[in-house]
Amino acid sequence: MSAQTFTAAQRLQRGLLVLLSRLPASLQRMLARPATNTAGDTMAPDVALLMKLTESGPDYSDLPPAEARATTERDLALFASRIPACAVEEEIEIGDGLLATRYSNGTPDRGLVLFFHGGGFVIGSRASYTAPARMLAHGTGADVVSVEYRLAPEHPFPAAQDDALLAWHHVVEHAAGWGADPHRIVVAGESAGGNIAAVLCQQVRDEAVRPMLQVLIQPVTDLVEHRPSQDEFAGSPALSAKQVAWFVDNYLPDGTDVADPRVSPYRAASLDGLPPAIVNLAGFDPLHDDGLAYATALLEAGVPTQVDREAGLVHGYLSYTAISPSCREATERLVASVSTVLDRAAHTTPTRKAS
(Lines give C-alpha, C1' and ligand atoms only; values in the text may rest on other atoms or scores of the structure.)
Protein backbone atom coordinates (compact mmCIF):
# COMPACT_ATOMS: atom_id res chain seq x y z
CA MET A 1 0.00 0.00 0.00
CA SER A 2 1.42 3.37 -0.97
CA ALA A 3 0.99 6.61 0.95
CA GLN A 4 -1.40 7.87 -1.77
CA THR A 5 -3.93 5.15 -0.88
CA PHE A 6 -4.33 6.29 2.74
CA THR A 7 -7.66 7.77 3.72
CA ALA A 8 -7.82 11.10 5.50
CA ALA A 9 -8.54 9.28 8.76
CA GLN A 10 -5.50 7.05 8.29
CA ARG A 11 -3.25 10.00 7.56
CA LEU A 12 -4.57 11.70 10.68
CA GLN A 13 -3.90 8.55 12.74
CA ARG A 14 -0.35 8.34 11.46
CA GLY A 15 0.27 12.03 12.09
CA LEU A 16 -1.04 11.76 15.64
CA LEU A 17 1.14 8.74 16.40
CA VAL A 18 4.21 10.47 14.98
CA LEU A 19 3.46 13.57 17.05
CA LEU A 20 3.04 11.58 20.26
CA SER A 21 6.26 9.68 19.60
CA ARG A 22 8.16 12.98 19.48
CA LEU A 23 6.90 14.28 22.83
CA PRO A 24 9.50 14.73 25.57
CA ALA A 25 10.19 11.44 27.34
CA SER A 26 9.05 12.95 30.65
CA LEU A 27 5.63 13.71 29.17
CA GLN A 28 5.42 10.29 27.54
CA ARG A 29 6.08 8.71 30.95
CA MET A 30 3.19 10.71 32.41
CA LEU A 31 0.84 9.48 29.67
CA ALA A 32 1.97 5.85 29.90
CA ARG A 33 4.15 4.56 32.72
CA PRO A 34 6.85 2.35 31.15
CA ALA A 35 6.87 -1.24 32.37
CA THR A 36 9.90 -2.92 33.92
CA ASN A 37 10.62 -6.55 33.13
CA THR A 38 12.05 -9.24 35.38
CA ALA A 39 15.54 -8.53 34.03
CA GLY A 40 15.26 -4.96 35.32
CA ASP A 41 14.90 -3.34 31.89
CA THR A 42 12.54 -0.40 31.49
CA MET A 43 10.51 -0.08 28.31
CA ALA A 44 11.38 2.90 26.13
CA PRO A 45 8.86 5.70 26.89
CA ASP A 46 7.76 6.13 23.27
CA VAL A 47 7.21 2.38 22.95
CA ALA A 48 5.27 2.26 26.24
CA LEU A 49 2.97 5.00 24.96
CA LEU A 50 2.52 3.17 21.66
CA MET A 51 1.63 -0.06 23.47
CA LYS A 52 -0.93 1.76 25.62
CA LEU A 53 -2.55 3.29 22.53
CA THR A 54 -2.77 -0.05 20.72
CA GLU A 55 -3.67 -2.45 23.53
CA SER A 56 -7.41 -1.79 23.28
CA GLY A 57 -7.52 -1.99 19.48
CA PRO A 58 -8.88 -4.86 17.36
CA ASP A 59 -6.98 -8.14 17.38
CA TYR A 60 -6.16 -9.58 13.95
CA SER A 61 -6.18 -13.09 15.42
CA ASP A 62 -9.96 -12.75 15.78
CA LEU A 63 -10.21 -12.57 11.98
CA PRO A 64 -9.89 -15.13 9.18
CA PRO A 65 -6.34 -15.07 7.77
CA ALA A 66 -7.24 -13.18 4.59
CA GLU A 67 -8.94 -10.40 6.57
CA ALA A 68 -6.09 -10.38 9.09
CA ARG A 69 -3.63 -9.80 6.25
CA ALA A 70 -5.60 -6.86 4.89
CA THR A 71 -5.79 -5.27 8.35
CA THR A 72 -2.13 -5.75 9.22
CA GLU A 73 -0.89 -4.66 5.78
CA ARG A 74 -2.70 -1.35 6.29
CA ASP A 75 -1.29 -0.92 9.79
CA LEU A 76 2.25 -1.83 8.78
CA ALA A 77 2.14 0.67 5.94
CA LEU A 78 0.93 3.36 8.36
CA PHE A 79 3.62 2.63 10.95
CA ALA A 80 6.63 2.29 8.62
CA SER A 81 9.11 5.05 7.83
CA ARG A 82 9.13 6.52 4.35
CA ILE A 83 12.57 5.38 3.20
CA PRO A 84 13.84 6.69 -0.16
CA ALA A 85 13.76 4.12 -2.95
CA CYS A 86 16.92 2.38 -4.02
CA ALA A 87 18.49 3.05 -7.41
CA VAL A 88 17.18 -0.31 -8.61
CA GLU A 89 14.05 -2.00 -7.31
CA GLU A 90 13.03 -4.89 -9.51
CA GLU A 91 10.74 -7.87 -9.18
CA ILE A 92 12.41 -11.25 -9.59
CA GLU A 93 10.64 -14.39 -10.72
CA ILE A 94 12.31 -17.24 -8.87
CA GLY A 95 10.13 -20.05 -10.17
CA ASP A 96 7.01 -22.02 -9.29
CA GLY A 97 5.20 -18.71 -8.81
CA LEU A 98 7.68 -17.51 -6.18
CA LEU A 99 8.49 -13.80 -6.41
CA ALA A 100 11.01 -11.52 -4.73
CA THR A 101 12.14 -7.89 -4.93
CA ARG A 102 15.77 -6.94 -5.42
CA TYR A 103 16.87 -3.63 -3.95
CA SER A 104 20.21 -2.31 -5.19
CA ASN A 105 22.18 0.92 -4.94
CA GLY A 106 24.78 -0.17 -7.46
CA THR A 107 27.39 -1.57 -5.05
CA PRO A 108 26.64 -5.32 -5.16
CA ASP A 109 30.31 -6.06 -4.45
CA ARG A 110 29.41 -5.23 -0.83
CA GLY A 111 27.37 -8.42 -0.72
CA LEU A 112 23.79 -9.61 -0.93
CA VAL A 113 21.18 -9.98 1.82
CA LEU A 114 18.49 -12.64 1.31
CA PHE A 115 15.64 -11.40 3.52
CA PHE A 116 12.53 -13.10 4.89
CA HIS A 117 9.78 -10.94 6.40
CA GLY A 118 7.95 -11.63 9.65
CA GLY A 119 4.29 -12.36 10.30
CA GLY A 120 3.96 -15.74 11.97
CA PHE A 121 3.96 -17.56 8.60
CA VAL A 122 0.39 -16.23 8.10
CA ILE A 123 0.60 -12.46 7.53
CA GLY A 124 3.22 -9.99 6.26
CA SER A 125 4.64 -9.40 2.79
CA ARG A 126 7.44 -7.86 0.76
CA ALA A 127 5.37 -4.68 0.54
CA SER A 128 4.88 -4.28 4.29
CA TYR A 129 8.61 -4.81 4.88
CA THR A 130 9.77 -2.34 2.24
CA ALA A 131 11.13 0.07 4.85
CA PRO A 132 13.51 -2.37 6.60
CA ALA A 133 14.59 -3.82 3.25
CA ARG A 134 15.50 -0.36 1.97
CA MET A 135 17.22 0.49 5.25
CA LEU A 136 19.35 -2.64 4.89
CA ALA A 137 20.23 -1.78 1.29
CA HIS A 138 21.07 1.87 2.04
CA GLY A 139 22.87 1.13 5.30
CA THR A 140 25.02 -1.79 4.18
CA GLY A 141 25.50 -1.05 0.48
CA ALA A 142 24.59 -4.66 -0.22
CA ASP A 143 21.84 -5.73 -2.57
CA VAL A 144 18.76 -7.00 -0.72
CA VAL A 145 16.46 -9.71 -2.08
CA SER A 146 13.17 -9.81 -0.16
CA VAL A 147 11.21 -13.02 -0.70
CA GLU A 148 7.41 -13.36 -1.00
CA TYR A 149 7.28 -16.86 0.45
CA ARG A 150 3.92 -18.62 0.58
CA LEU A 151 1.72 -18.13 3.63
CA ALA A 152 -0.38 -20.46 5.76
CA PRO A 153 -3.03 -21.75 6.10
CA GLU A 154 -3.36 -21.88 2.32
CA HIS A 155 0.25 -23.08 2.16
CA PRO A 156 1.12 -24.63 5.53
CA PHE A 157 4.45 -26.00 6.74
CA PRO A 158 6.81 -26.75 5.04
CA ALA A 159 5.87 -24.43 2.15
CA ALA A 160 7.79 -21.42 3.51
CA GLN A 161 10.90 -23.53 4.12
CA ASP A 162 10.70 -25.00 0.62
CA ASP A 163 10.40 -21.50 -0.85
CA ALA A 164 13.41 -20.31 1.13
CA LEU A 165 15.54 -23.13 -0.25
CA LEU A 166 14.40 -22.32 -3.78
CA ALA A 167 15.20 -18.64 -3.22
CA TRP A 168 18.65 -19.49 -1.85
CA HIS A 169 19.61 -21.53 -4.90
CA HIS A 170 18.27 -18.78 -7.17
CA VAL A 171 20.36 -16.02 -5.61
CA VAL A 172 23.46 -18.22 -5.53
CA GLU A 173 23.00 -18.88 -9.24
CA HIS A 174 22.26 -15.25 -10.17
CA ALA A 175 24.48 -13.31 -7.74
CA ALA A 176 27.40 -13.02 -10.15
CA GLY A 177 25.08 -11.68 -12.84
CA TRP A 178 24.06 -8.89 -10.46
CA GLY A 179 27.71 -8.17 -9.68
CA ALA A 180 27.68 -9.87 -6.26
CA ASP A 181 29.95 -12.59 -4.94
CA PRO A 182 27.84 -15.67 -4.09
CA HIS A 183 30.21 -16.27 -1.16
CA ARG A 184 29.10 -12.93 0.35
CA ILE A 185 25.42 -13.72 0.87
CA VAL A 186 23.83 -12.90 4.22
CA VAL A 187 20.62 -14.74 5.16
CA ALA A 188 18.35 -12.61 7.35
CA GLY A 189 14.83 -12.70 8.70
CA GLU A 190 12.57 -11.38 11.42
CA SER A 191 10.32 -13.45 13.70
CA ALA A 192 8.89 -16.19 11.45
CA GLY A 193 11.43 -14.98 8.89
CA GLY A 194 14.15 -15.53 11.49
CA ASN A 195 12.97 -19.12 11.81
CA ILE A 196 13.08 -19.50 8.03
CA ALA A 197 16.61 -18.05 7.92
CA ALA A 198 17.85 -20.34 10.69
CA VAL A 199 16.34 -23.42 9.07
CA LEU A 200 17.75 -22.48 5.68
CA CYS A 201 21.26 -22.19 7.10
CA GLN A 202 20.92 -25.71 8.50
CA GLN A 203 19.61 -27.07 5.20
CA VAL A 204 22.48 -25.71 3.09
CA ARG A 205 25.22 -26.35 5.66
CA ASP A 206 26.92 -29.00 3.49
CA GLU A 207 26.53 -27.28 0.12
CA ALA A 208 29.46 -25.84 -1.83
CA VAL A 209 28.17 -22.29 -1.36
CA ARG A 210 26.91 -21.39 2.08
CA PRO A 211 25.77 -18.14 3.73
CA MET A 212 28.56 -15.97 5.13
CA LEU A 213 26.29 -14.76 7.96
CA GLN A 214 22.86 -15.45 9.43
CA VAL A 215 20.94 -12.53 10.95
CA LEU A 216 18.14 -13.79 13.18
CA ILE A 217 15.90 -10.95 14.33
CA GLN A 218 13.62 -11.94 17.24
CA PRO A 219 13.44 -15.45 15.79
CA VAL A 220 11.06 -18.31 16.52
CA THR A 221 13.43 -21.18 17.27
CA ASP A 222 11.62 -23.76 19.40
CA LEU A 223 7.97 -24.80 19.65
CA VAL A 224 8.75 -27.64 22.04
CA GLU A 225 9.77 -25.86 25.23
CA HIS A 226 7.70 -23.13 26.89
CA ARG A 227 10.13 -20.52 28.24
CA PRO A 228 9.58 -17.79 30.89
CA SER A 229 9.41 -14.82 28.52
CA GLN A 230 6.36 -16.35 26.86
CA ASP A 231 4.48 -16.10 30.14
CA GLU A 232 5.93 -12.76 31.20
CA PHE A 233 4.81 -11.05 27.99
CA ALA A 234 1.76 -13.19 27.20
CA GLY A 235 -0.42 -10.07 27.12
CA SER A 236 1.90 -7.94 24.99
CA PRO A 237 -0.01 -5.79 22.48
CA ALA A 238 2.92 -6.32 20.09
CA LEU A 239 2.63 -10.13 20.16
CA SER A 240 0.29 -11.89 22.58
CA ALA A 241 0.08 -15.54 23.55
CA LYS A 242 -3.30 -15.64 21.81
CA GLN A 243 -1.74 -14.42 18.56
CA VAL A 244 1.15 -16.89 18.84
CA ALA A 245 -1.35 -19.75 19.22
CA TRP A 246 -3.30 -18.48 16.21
CA PHE A 247 -0.15 -18.43 14.10
CA VAL A 248 0.83 -21.96 15.11
CA ASP A 249 -2.68 -23.32 14.52
CA ASN A 250 -2.73 -21.87 11.01
CA TYR A 251 0.86 -22.82 10.16
CA LEU A 252 1.20 -26.42 11.29
CA PRO A 253 -1.00 -29.19 9.89
CA ASP A 254 -2.48 -31.58 12.44
CA GLY A 255 0.05 -34.18 13.50
CA THR A 256 3.14 -32.10 12.68
CA ASP A 257 6.10 -32.99 14.88
CA VAL A 258 7.03 -29.67 16.52
CA ALA A 259 10.48 -31.09 17.28
CA ASP A 260 11.21 -31.31 13.55
CA PRO A 261 14.24 -29.01 13.08
CA ARG A 262 12.43 -27.35 10.15
CA VAL A 263 9.84 -26.20 12.72
CA SER A 264 12.15 -25.80 15.71
CA PRO A 265 15.74 -25.24 14.50
CA TYR A 266 16.88 -25.34 18.14
CA ARG A 267 16.09 -29.08 18.04
CA ALA A 268 18.61 -29.89 15.28
CA ALA A 269 20.87 -32.83 16.12
CA SER A 270 23.90 -30.60 15.62
CA LEU A 271 24.56 -26.91 15.09
CA ASP A 272 28.22 -27.43 14.22
CA GLY A 273 29.47 -25.75 11.09
CA LEU A 274 26.70 -23.17 10.73
CA PRO A 275 27.47 -19.64 9.53
CA PRO A 276 28.40 -16.95 12.05
CA ALA A 277 25.30 -15.33 13.50
CA ILE A 278 23.85 -12.08 14.71
CA VAL A 279 20.91 -12.82 16.99
CA ASN A 280 18.82 -9.74 17.72
CA LEU A 281 16.53 -9.75 20.77
CA ALA A 282 14.09 -7.35 22.44
CA GLY A 283 13.70 -7.09 26.20
CA PHE A 284 9.87 -7.13 26.16
CA ASP A 285 9.35 -9.90 23.60
CA PRO A 286 7.69 -13.25 24.36
CA LEU A 287 10.22 -14.78 21.94
CA HIS A 288 13.19 -13.30 23.82
CA ASP A 289 14.11 -16.55 25.57
CA ASP A 290 13.64 -18.54 22.36
CA GLY A 291 16.20 -16.40 20.57
CA LEU A 292 18.57 -16.40 23.52
CA ALA A 293 18.40 -20.19 23.80
CA TYR A 294 19.33 -20.56 20.14
CA ALA A 295 22.17 -18.04 20.41
CA THR A 296 23.50 -19.93 23.43
CA ALA A 297 23.29 -23.23 21.57
CA LEU A 298 25.15 -21.75 18.60
CA LEU A 299 27.92 -20.51 20.87
CA GLU A 300 28.17 -23.88 22.58
CA ALA A 301 28.53 -25.48 19.14
CA GLY A 302 31.45 -23.18 18.36
CA VAL A 303 29.54 -20.90 15.98
CA PRO A 304 30.67 -17.25 16.30
CA THR A 305 27.54 -15.50 17.52
CA GLN A 306 26.88 -11.86 18.36
CA VAL A 307 23.84 -11.20 20.56
CA ASP A 308 22.39 -7.71 20.13
CA ARG A 309 19.74 -7.01 22.75
CA GLU A 310 17.40 -4.04 22.52
CA ALA A 311 16.44 -3.95 26.20
CA GLY A 312 13.57 -1.45 26.03
CA LEU A 313 11.79 -2.68 22.92
CA VAL A 314 8.99 -5.07 21.95
CA HIS A 315 8.46 -7.74 19.33
CA GLY A 316 8.35 -6.52 15.74
CA TYR A 317 10.04 -3.19 16.33
CA LEU A 318 11.28 -3.15 12.71
CA SER A 319 7.72 -2.26 11.72
CA TYR A 320 7.36 0.80 14.00
CA THR A 321 10.12 2.98 12.58
CA ALA A 322 7.84 5.94 11.70
CA ILE A 323 5.99 6.12 15.00
CA SER A 324 8.80 5.28 17.42
CA PRO A 325 12.23 6.95 17.34
CA SER A 326 13.47 4.16 19.64
CA CYS A 327 12.46 1.53 17.08
CA ARG A 328 13.99 3.52 14.22
CA GLU A 329 17.29 3.87 16.09
CA ALA A 330 17.32 0.15 16.97
CA THR A 331 16.75 -0.79 13.33
CA GLU A 332 19.63 1.47 12.34
CA ARG A 333 21.85 -0.25 14.91
CA LEU A 334 20.90 -3.63 13.48
CA VAL A 335 21.77 -2.48 9.98
CA ALA A 336 25.09 -1.13 11.26
CA SER A 337 25.88 -4.52 12.83
CA VAL A 338 25.38 -6.23 9.48
CA SER A 339 27.44 -3.58 7.71
CA THR A 340 30.28 -4.04 10.21
CA VAL A 341 30.44 -7.77 9.44
CA LEU A 342 30.52 -7.03 5.72
CA ASP A 343 33.33 -4.52 6.31
CA ARG A 344 35.31 -7.01 8.34
CA ALA A 345 34.85 -9.77 5.77
CA ALA A 346 35.98 -7.44 2.97
CA HIS A 347 39.24 -6.74 4.82
CA THR A 348 39.99 -10.31 5.87
CA THR A 349 38.75 -12.54 3.07
CA PRO A 350 39.74 -12.21 -0.58
CA THR A 351 36.69 -11.90 -2.80
CA ARG A 352 35.99 -15.17 -4.55
CA LYS A 353 34.40 -15.28 -7.96
CA ALA A 354 31.64 -17.69 -8.87
CA SER A 355 32.90 -20.62 -10.84
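Residues numbered from 1 in each chain as written. Predicted model: local features only at pLDDT ≥ 70, side-chain atom pairs only at ≥ 80, totals over all residues. Heavy atoms only, no water.

Looking at an unreviewed UniProt entry, one finds the chain named Acetyl esterase, with Nocardioides kongjuensis as its source organism.

A few points about the overall build of the chain
Put simply, the rule reads: The helix count covers DSSP runs of H or I at least four residues long, the strand count covers runs of E at least two residues long, and both are numbered beginning at the N terminus. Atoms considered for the radius of gyration are the C-alpha atoms alone. The globule rule reads 2.2 Å times the number of residues to the power 0.38. Only protein chains enter the accessibility calculation, which uses a 1.4 Å probe; a residue whose area is less than 20% of its type maximum is buried, one above 50% is exposed, and one in between is partly exposed. Should any heavy atoms of two residues lie within 4.5 Å, those residues are considered in contact. For accessible areas, the Shrake-Rupley method is used with a probe of radius 1.4 Å. Any residue's cover is judged against the shown protein chains and nothing else. Under the counting rule used here, the positive set is Lys and Arg, the negative set is Asp and Glu, and His together with the chain ends is not counted. Lysine's charge is taken at NZ, arginine's at CZ, aspartate's at CG and glutamate's at CD.
In terms of regular secondary structure, the chain is built from 11 helices and 8 strands. Rg of the C-alpha trace for the chain: 19 Å, near the compact-globule value of 20 Å for 355 residues, within the 12% margin. Overall size of the chain, expressed as C-alpha extent along the three principal axes, is 60 × 45 × 40 Å. Within the chain, the proportion of its 355 residues that are buried is 57%. The contacts in the chain between residues at least 6 apart in sequence include a share of 79% that link residues at least 24 apart. Here the chain has roughly 14600 Å² of accessible surface; of this, 55% comes from carbon and sulfur atoms. Side chains of the chain carry 27 positive and 42 negative charges; the gap between the two charge centres is 7 Å.

Considerations on the sheet that holds strand β4 (residues 143–147)
For the record, the criterion: For two strands to pair, DSSP has to find at least two bridges joining them. Here, axes are lines fitted to C-alpha atoms. For helices the fit covers the stretch in contact, and angles between N-to-C directions go from 0 to 180 degrees.
Within the open sheet, the 8 strands sit side by side as β1-β2-β4-β3-β5-β6-β7-β8. Their pairing is mixed. If you trace the sheet from one side to the other, it starts and ends with β1 (88–95) and β8 (305–314), each paired once. Averaged over all adjacent pairs, the angle separating strand axes in this sheet is 20°, with direction ignored. In this sheet, β4 lies alongside strand β3 (residues 112–116) in parallel orientation, the contact comprising 5 bridges. Residue Leu 112 lies in a different strand from β4, and its bridge partner there is Asp 143.

Some details on the packing of aromatic side chains
Inclusion rule: Two rings from Phe, Tyr or Trp (for Trp, the six-membered ring) form a pair when their centres sit within 6.5 Å of each other. Planes less than 30 degrees apart are called stacked, planes more than 60 degrees apart edge-to-face, and all others tilted. Remark: a charge is flagged as sitting over a ring if the NZ atom of Lys or the CZ atom of Arg is within 6 Å of the ring centre and within 35 degrees of the ring normal.
Applying the stated criterion across every chain yields a total of 9 aromatic pairs. Aromatic side chains Phe 116 and Tyr 149 sit 6.5 Å apart centroid to centroid with 55° between the ring planes, which places their arrangement in the tilted category. One end of the pair, Phe 116, is in strand β3; the other, Tyr 149, is in the loop between β4 and α6 (159–178), with 33 residues separating them in the sequence. Phe 116 gets classed as buried once you look at its relative accessible area, which sits at 0%. The interplanar angle of 5° and the centroid separation of 3.7 Å between the aromatic rings of Phe 121 and Tyr 251 together place this pair among those described as stacked. Taken together, the residues span a long stretch of sequence, with Phe 121 in the loop between β3 and α5 (130–140) and Tyr 251 in helix α9 (residues 241–251) at a distance of 130 residues. What makes Phe 121 buried here is its relative accessible area of 7%. Connected via pairs of aromatic rings, a cluster forms that spans Tyr 60, Trp 246 and Phe 247. The ring centre of Tyr 266 lies 4.9 Å from the NZ or CZ of Arg 227, which sits over that ring.

Details of the UniProt feature "domain: Alpha/beta hydrolase fold-3" (unreviewed entry) in the chain
Filter applied, for reference: UniProt positions are given in the numbering used here, feature names are shortened, and annotations may be inferred rather than shown by experiment.
According to UniProt, the feature "domain: Alpha/beta hydrolase fold-3" (unreviewed entry) maps to residues 113–318 in the numbering used here. Annotated as residues 113–318, this span is 35% helix and 18% strand, and its ends, taken at the C-alpha atoms, are 16 Å apart.

Things to note about α6
Going by this rule: Take the residue count of a helix, subtract one, and multiply by 1.5 Å to get its expected span. Values of bend correspond, residue by residue, to the angle between axes fitted over the seven residues ending at that residue and the seven starting there.
For α6, spanning 20 residues, the distance from its first C-alpha to its last is 27 Å, which sits close to the expected 28 Å at 1.5 Å a residue. If you look at α6, its biggest bend is around 35°, right at Val 172. All buried positions along α6 are accounted for by Ala 159, Ala 160, Gln 161, Asp 163, Ala 164, Ala 167, Trp 168, His 170, Val 171, Val 172, Ala 175 and Trp 178.

Focus: the confidence of the model for the chain
Quick note on the threshold: Summary of the metric used: pLDDT quantifies the predictor's per-residue confidence within the range 0 to 100.
Per-residue confidence for the chain averages 95 on the pLDDT scale, and 97% of its residues sit at or above 70. Within the model, the stretch residues 350–355 combines pLDDT values under 50 with 5 contacts to residues more than four positions away or in other chains.

Describing the packing of helix α1 (residues 8–21) against helix α3 (residues 45–54)
The cut-off we apply is this: Gly falls in the polar group here, along with every residue not listed as nonpolar (Ala, Val, Leu, Ile, Met, Phe, Trp, Tyr, Cys, Pro) or charged (Asp, Glu, Lys, Arg).
α3 packs onto α1 with a crossing angle of 145° between their chain directions and a minimal axis gap of 9 Å. Across from Leu 17, Leu 20 and Ser 21 in α1, the residues of α3 making contact are Asp 46, Leu 49, Leu 50 and Leu 53. Tallied by class, the residues present in the contact of α1 with α3 amount to 5 nonpolar, 1 polar and 1 charged.

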